[in-house]
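# Per-entry structural report
Spelled out, the chains give:
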Amino acid sequence: MNTALLPRAVPDRGLVPVKGLIRNLDFLLISTTAALVGLGLVMVYSTTHLSPHPLVYVRSQVLHLLVGSLVALGLLLIDYRALASSARGMYVINLLLLAAVLVIGRSSLGAQRWISLGPLGQFQPSEFAKLIIVITLAKHLSGSPGPYRSIRDLLPFLGHIALPIFLIFRQPDLGTAMVYGAIFVGMLYAGGARRRDLAALGVAGLVISPVLWHVLKEYQRRRLLVFVDPALDPLGSGYGIIQSKIAVGSGMLWGKGLFNGTQNILRFVPEHHTDFIFSAIGEELGFVGGMILLVVFFLWISRGLRIATVARDRFGALAAVGIVSMVAFHLFVNVGMTVGIMPITGIPLPFISFGGSALMTMLWATALLLNIGMRHQQLSFDTSPGPPVRVIRRVGGPERLEE
Amino acid sequence: MDRGLFERRLTVLLAVIAAAFVVLAIRLWQVQIVQGEYFLRLSEENRLRVTSVAAPRGLIEDRRGRPVVLNRPAFTVSVLPMEMRHPEQVIPEVVRTLGLDPAEAAARIAAGRDRPFQPVRLRRDVPKEIVAAIEENRMDLPGVMVEVEPVREYPLGPLGVHLLGYLGEISDRDLDALRAQGYEAGDLIGKDGVERIYDRQLRGRNGQIQAEVDAQGRPLRVLATTPAEPGNTVRLGLDLDLQRVAEEALGTRVGALVAMDPRDGSIVALVSHPAFDPNLFATSITAANWTQLVQDPAQPLLDRAIQGGYPMGSVFKVVTATAALELGIVGADSRFYCPGYYNLGGRIFHDHEAHGNLNFLEGIAQSCNVVFWTVARPVGPERLGEFARMYGLGQKTGIDLVQESTGIIPDPAWKIRTIREPWYAGDTLNTAVGQGFTLATPLQVARMLAAVANGGTVVTPHVVTEVRSPKGRVLLRIAPPAGGQVRIRPQTLSVLRAGLAAVVTHGTAASIQIPGLAVAGKTGTAENPHGKPHAWFAGYAPIDSPQLVVVALVENVGFGAEFAAPIVQRVFEAAFGLPLQPLPPTSPASAPAGPDRGGPGAGAQAPPGSPHP
């Protein structure tokens, strides 16, 4: 099916010397990742060290970090194109896991998100599903590279994410479903879909949103309503927003200092070590700390996009875009939520929020980026299996005008 | 793919992301630099107060829409731990003013330490004078709050209390399980009856007020409010008038009464005496009152109608007769001779009188034990048990009330399993007339008789018929599917019905004839180890199209026809709008022995052979 890719890919495998691969590793990406993960451990400790078991959370996070890093190292050794060829299986397994959550999942706070692994704890398939969707959608997009002349050409991709989104919605996990949406838009845009088609899909989404409204659980509707009008303020939701704003705002320019966040304030803020961890960062490290965090994230993202531009094939390029879209969306929604410009949707802060499944997913996403980056062709020429250049020029209306 | 296009689009993507970052940065600048001082002040002085606005609990109304349970506004005094400046002075002061037990109050406040921003309720329904005293000293009592909260009111007092239930503060264990559903510490939750089973319908949703307060805790500015949403209205099948008549008819006697519509299983009246006043619980009960209720030997908390297991006495003959007729062992005209005793291999079982020559129908009407002993042997204990279970005996009815008793329907396998003794022929005789090991609740008996009345459907009794939103929209109609079907031939049913009708026309309950209403029923006088026999009467009316089944049980008084039947008669009279007959004078029951709650030992002590009118 992918005749264009395979003949070129196979001879390369294993022929690039390891030394070259290591030289190709993006050390800036690695160091920003390490900085974020390090800050995450410190902040998880800061927000939980006053609990009855001060080290439980940090220990769990470190454990997940170690396991996640080992697996990430393993991922680096495999050529990422091997992932592309197993995309179909991954897609099916992903659906099965998401469906399993609905059947045997553990409930918490009104939603079923976890599958228990007995003594090993529990994991959240919807986190890993984010990465799997990036990989399978990249494969799908590189398998049918367009040109996408009309919205009908986008429908297969829409179908691709519709099923997982539906399953996530049933949990219900509105935030994660939105992440899939962001991944989808980012990858299709980069993949060459026409702007007006994407816009039409967006409009269609708005049109069917009244239907989705009925699918939402009561507490999710409340959260959305509270975001629109905090004065409605039902139990907890609006409360969380205000408390979080107080925490962030009271940090002022320099912050109250690490571990000096007012304990009371932290107790006011719900989920302060998971989804609302940024409110602790804002309080303890201030505006300066927040800005540094944003800069580090922006560096990470720009390295990710650079890898997308140098990737040797369409699959790698689009996978990189998907990962970047995912992280950027997470960051914006999560930080936005703590300062009251985004609704509370339960999306963690990448690399930093407490939560094993989310941390490992982000580590593996980074590993995939590094993998794509270190296997790029030194000599940059078009290796993608796409159609000849001219065809696309004729399709992309607005782009041609810019030429 | 066009590399140029791809790279241009990545540039756009980067620009979009950068713009989003700039938005975040601007917002952080706004919150942390521009408004930073304001938020810092809020955070340092804990000047944000969130108070919960208690939702009025849903109303409970009777079959005709008359209120049975209401709410009234009352004052609640709470403390807010984070605002207490000098707890060592303030707490004893408040506790003294409220007249609370210092240890209990301290324990409550300690339990709230984890959530210092949540008020800890010290006392609900505080009298006006005490509230005035607290308000006067407001300046000296920082962290003490007075709020208006609805309090549950049971205007009818003990009337129907076992069915309605009562409230109590949520226990720690329940709280762990229910926190996700919005329950909070200190919430009142239904602890029994309808209040408990339908708690989620009744509780509504608490509202909330977030306000900025000054150093004295006075609100300066309301930041946000959510109105409380009142709970849903629950409509019962209960008829208040009939319930009142039934309560009066049972009077001071210890016992129970169930009135049920045999067509759909809705409970029209449910009485258990002695009762208690649920208003004691409306604001969470005091320890002293609770101890008194629990230690009362008459067990007022026990709902005898559904939780009390009693020997059925001759009421069980409905089952024995069904089995004998259905298995073809007897017909309506089968002849018997009753010499006043029955000889079981040399062991003599005495009947209460010598009925002489009589047919099976008359055997039912006169409740002749010899007739039933005679047919019991060919039926055998296993099939007797099967028919009993077909009528729903020995199993929960599935009523929407808590801690229903299962009862006991014994057979040889059961006896070996529980008592480790073989089944004797004498056990069969005892079982056939409702003595021995058999135990049933009045509700189970009502369901059994309803099956006879409605043609064989073992209905599922239910107390609630409908749940409506506060605005009157019907949210839930409750009509549980039947629990089973009694599969018997029409001839069996008609003989059975004729026999039960004869009980009232000229049989053991001939004393309760009601002019203008044809009643059928069965008396029972259940020997028990606690004293005088329990009196039973189970009846339905009208005979042609039964609309009501009424079962009365009176503990340790004597004959069913004498003590239970008049009570049932009175309920029928009231239900069908007939003039009420005067009740026989009742004397308070002697030391109430309490029902047998299903312990096999209790039933086993009953003497074999039971006299019975």
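The structure presented is a predicted model; accordingly, all values stated were derived computationally and were not measured.

### Considering the overall build of chain A
- Assigned secondary structure in chain A consists of 18 helices and 3 strands.
- Within chain A, buried positions represent 50% of all 403 residues.
- Counting contacts in chain A only where the partners sit at least 6 residues apart, residues at least 24 apart contribute 74% of the total.

### Some remarks on the overall build of chain B
- On a plain count of helices and strands, chain B comes out with 23 helices and 23 strands.
- The burial tally for chain B puts 50% of its 613 residues in the buried class.
- When contacts within chain B are restricted to residue pairs at least 6 apart in sequence, those whose partners lie at least 24 apart make up 74%.

### Some thoughts on the nonpolar core
- Residues Leu257(B), Val258(B), Ala259(B), Leu449(B), Val551(B), Ala564(B) and Val571(B) are the most contacted members of the largest nonpolar core, which totals 124 residues.
- Take this core: its biggest share by element is 9 residues, from helix α19 (residues 442-454) of chain B.
- Both of domain 1 (51-236) and domain 2 (240-276 + 303-469 + 476-586 + 597-604) of chain B provide at least three residues apiece to this core.
- Ignoring any residue separated from it by four or fewer positions in sequence, one finds Leu449(B) in contact with Val318(B), Ala538(B), Tyr540(B), Val549(B) and Val551(B).
- If you look at the next biggest cluster of nonpolar residues, it comprises 115 residues, including Ala280(A), Ile307(A), Ala311(A) and Val324(A).

### Side note on helix α18 (residues 425-432) of chain B
All names here are of chain B.
- The element α18 is extensively covered by neighbouring structure, given that 6 of its 8 residues are classed as buried.
- Tucked into the core, α18 has its buried residues touching α13 (317-326), β14 (341-344), β15 (347-350), α15 (369-379), α16 (381-390) and α17 (412-418).
- The first or second residue beyond α18 is Gly434, which carries a positive phi of 75°.

### Brief notes about the packing of helix α7 (residues 125-143) of chain A against helix α16 (residues 356-374) of chain A
Residues and elements named next belong to chain A.
- Taken N-terminus to C-terminus, the directions of α7 and α16 make an angle of 15°; their axes are 8 Å apart at the nearest point. Taken together, the axes of α7 and α16 are roughly parallel relative to one another. Where α7 crosses over α16, the two elements pack in a sense that is right-handed. Between α7, through Glu127, Phe128, Lys130 and Leu131, and α16, the contact on the second element is made entirely by Ser357, Ala358, Thr361, Trp364 and Ala365.
- Of the residues contributing to the contact of α7 with α16, the split by class is 5 nonpolar, 2 polar and 2 charged.

### Quick word on the sheet that holds strand β21 (residues 520-528) of chain B
All names here are of chain B.
- Ordered by their spatial adjacency, 5 strands build an open sheet running β12-β11-β23-β22-β21, and the pairing between neighbours is antiparallel. At either margin of the open sheet sits one strand with a lone partner, and together these are β12 (267-273) and β21. The average undirected angle you get between the axes of adjacent strands in this sheet is 5°.
- Looking at chain direction, strand β11 (residues 255-260) and β12 are connected through 6 bridges and run antiparallel. Paired with Met260 across the bridge in β12 is Ile267.
- The strands that helix α10 (residues 240-250) touches are β11 and β12; relative to β12, the one it contacts most, it runs at about 30°.
- Here α19 sits on the sheet and contacts β11, β22 (531-541) and β23 (548-554); the angle it forms with β23, its principal contact strand, is near 145°.

### So, the environment of Ala105(B)
All names here are of chain B.
- By the element assignment, Ala105 lies in helix α4 (residues 102-111).
- Given 20 C-beta atoms within 10 Å, Ala105 falls into the buried group.
- Along the chain, Ala105 and Ile91 lie 14 residues apart, while their C-alpha atoms are 8.6 Å from each other.
- Ignoring sequence-local partners within four residues, the contact set of Ala105 consists of Val95, Leu100 and Leu122.

### A look at the pairing of β15(B)
Residue and element names in this part refer to chain B.
- Here β14 runs beside β15; their pairing, made up of 4 bridges, is antiparallel. Note that in β15 the partner of Tyr341 across the bridge is His350.
- Counting the residues in the hairpin turn of β14 and β15 gives 2 residues, including Gly345, whose phi is positive at 50°.

### Some details on the confidence of the model for chain A
Residue and element names in this part refer to chain A.
- Chain-level pLDDT for chain A is 81 on average; 76% of the residues reach the 70-or-more range.
- With pLDDT under 50 throughout, residues 1-15 is counted as low confidence; its partners more than four residues away or in other chains account for 9 contacts.
- Under a pLDDT of 50 for its full length, residues 379-403 has, in the predicted model, 37 contacts with residues more than four places off or in other chains.

### Things to note about the environment of Ile151(A)
Residues and elements named next belong to chain A.
- Inspection of the secondary structure assignment puts Ile151 in the loop between α7 and α8 (155-170).
- For Ile151, a count of 17 C-beta atoms within 10 Å puts it in the partly exposed group.
- Spatially, the C-alpha atoms of Ile151 and Leu201 are 8.1 Å apart, while their sequence positions differ by 50 residues.
- Setting aside residues up to four positions removed in sequence, Ile151 forms contacts with Asp197 and Ala200.

Rules used in this analysis
- Residues numbered from 1 in each chain as written.
- Chains lettered and ligands numbered in written order.
- Predicted model: local features only at pLDDT ≥ 70, side-chain atom pairs only at ≥ 80, totals over all residues.
- Helix = DSSP H or I, 4+ residues; strand = E, 2+ residues; numbered from the N terminus.
- Buried ≥ 20, exposed ≤ 12 C-beta atoms within 10 Å, placed from the backbone.
- Contact = placed C-beta atoms within 7 Å.
- Core = buried A, V, L, I, M, F, W, Y, C linked by C-beta atoms within 7 Å.
- Domains from an automatic or database assignment.
- Axes fitted to C-alpha atoms, helices over the stretch in contact; angles between N-to-C directions.
- Parallel < 35°, antiparallel > 145°, perpendicular 65-115°, else oblique.
- Left-handed = near helix turned anticlockwise from the far one by under 90°.
- Nonpolar A, V, L, I, M, F, W, Y, C, P; charged D, E, K, R; others polar.
- Pairing = 2+ DSSP bridges.
- pLDDT = per-residue confidence, 0-100.

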